[in-house]
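Residue-level listing of the chains:
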Amino acid sequence: MRLPKFLRFSSHDLAIDLGTVNTVVYVKGRGVVLNEPSVVALETLNGVRRVKVVGNDAKLMMGKTPSNIEAIRPLRDGVIADIDVAEQMIKHFINKALGGATHLPRRHDIAVCVPSGSTSVERRAIRDAASNAGGSRIFLIEEPMAAAIGAGMPVTEPIGAMVVDIGGGTTEVAVLSLRGLAYSNSVRIGGDKLDDAIASFIRRKYNLMIGEATAERVKHTIGLARRPDGSGTSMAVRGRDLVTGRPTQITICQNEVAEAIAEQVNQIVGAVRAALEHTAPELAADIVDQGIVLTGGGALLGDIDRVLAEATGLPVVVAEDALICVAKGAGRALEDPDYAGIMTQI
């Protein structure tokens, strides 16, 4: 249904990369205007649960809340786990991206990025959440396609190109050509699994319990996809000693972090090798020339590009603005008629 003319000035076209770890919002004509953690803090008063804060403020509360407040992530493995909370989060981010709530009703065309391996049920959940949050028409675009567009890859031409998007919940591997996915695979390995592996390693080796935020900080500070020569850089890590129950501090080095996440890195390498094995010969020949492009937050893990280059024998580069490539690509698909047909209305 078309909006009445007097309401159309209050509508905007948006693209949303609804990620497990971060949500990025692109507003047509303005670019990326918001990049915040996909975290919601819920407060329970008199048996009624309501949203207290969303995004950056909510993430600061993770692991530090009193009994009546819970900080949660409404997405897991790249898909919605709690649709009601996800809807509130999307609505909050849309209003913030557009400059705050308004008394006039806003109905927007919204493009939402989805994992290529998501099911029809998961896609309907995303559609419903976006629609209830103010969407007029909802379009879905697969994450590897959006990532490739955002990275400036030639997705509309008869040239084979490979993109590996390592997000918080999933790793998307795809071979693209002529506006479509010639091959795609989604494995549920991403930044969250790396954090879990680091926390588990420290618990096993040092009997030290650490939280999600601390594990993520270790990954960002000294994380490496392969073992360095020697022990590498070290950092102090604080947590709760499981033997004495007291707060304590240990020192962990890059070599240990690389050991902790080796299995997850190998699974990402395996997904890339599987994609190459299933690629048609002519497309494979193009990939030899074009190389592999890495996007997503996981692309910033130290030496992940070198590990993949050694495993495949192909040139591997990390895209510029890797963290926001998916949202940028979805936004360009909204703006540029050259990408017409890449998105699907649902």
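Everything discussed here concerns the structure shown above.
Each residue is numbered by its place in its chain's sequence as written, counting from 1. Reporting of local features is limited, given that this is a predicted model, to residues whose pLDDT is at least 70; pairs of side-chain atoms are given and counted only at 80 or more, and all residues count toward the totals for whole chains, interfaces and linings. Excluding hydrogens and water, the side-chain values take into account all heavy atoms of the structure.

## Brief notes about the overall build of the protein chain
Formally: Segments assigned H or I by DSSP are reported as helices when at least four residues long, segments assigned E as strands when at least two residues long, and all are numbered from the N terminus. Within these notes, the globule rule equals 2.2 Å times the number of residues to the 0.38 power, and the radius of gyration is based on C-alpha atoms. Exposure is judged per residue with a 1.4 Å probe applied to protein chains only, and the accessible area is read against the type maximum: over 50% gives exposed, under 20% gives buried, and values in between give partly exposed. Residue contacts are defined here by distance: any two heavy atoms, one from each residue, within 4.5 Å place the two residues in contact.
Each helix and strand in the protein chain was counted, giving 12 helices and 19 strands. Relative to the compact-globule value of 20 Å for 346 residues, the protein chain shows a C-alpha radius of gyration of 21 Å, a close match. When its C-alpha atoms are laid out on the principal axes, the protein chain stretches across 65 × 65 × 30 Å. Per-residue burial over the protein chain gives 51% buried out of 346 residues. The contacts in the protein chain between residues at least 6 apart in sequence include a share of 62% that link residues at least 24 apart.

## Comments concerning the packing of helix α5 (residues 143-150) against helix α12 (residues 325-335)
Filter applied, for reference: Angles run from 0 to 180 degrees between N-to-C directions of axes, and those axes are lines fitted to C-alpha atoms, restricted for helices to the stretch in contact. Each angle receives one of four descriptions, namely roughly parallel if under 35 degrees, roughly antiparallel if over 145, roughly perpendicular if within 65 to 115, and oblique otherwise. All residues other than Ala, Val, Leu, Ile, Met, Phe, Trp, Tyr, Cys, Pro, Asp, Glu, Lys and Arg, Gly among them, are scored as polar; the first ten of these are nonpolar and the last four charged.
Remark: α5 packs on α12, axes separated minimally by 6 Å, with the N-to-C direction vectors making an angle of 85 degrees. Between α5 and α12, the angle is such that the two are roughly perpendicular. Of the residues in α12, those in contact with Glu143, Ala146, Ala147, Ile149 and Gly150 of α5 are Cys325, Val326, Lys328, Gly329, Ala330, Arg332 and Ala333. Within the contact of α5 with α12, the residues separate by chemical class into seven nonpolar, two polar and three charged.

## Some points on the sheet that holds strand β4 (residues 40-45)
Put simply, the rule reads: At least two DSSP bridges between two strands are required for those strands to pair.
In spatial order, the strands read β5-β4-β6; together these three strands make up an open sheet with antiparallel pairing. Among the strands making up the open sheet, the edge pair consists of β5 (48-54) and β6 (69-72). In this sheet, adjacent strand axes meet at a mean angle of 30 degrees when their direction is disregarded. Bridge count for β4 against β6 is four bridges, and the pairing is antiparallel.

Read these as layout, nothing more, since geometry by itself doesn't imply function.
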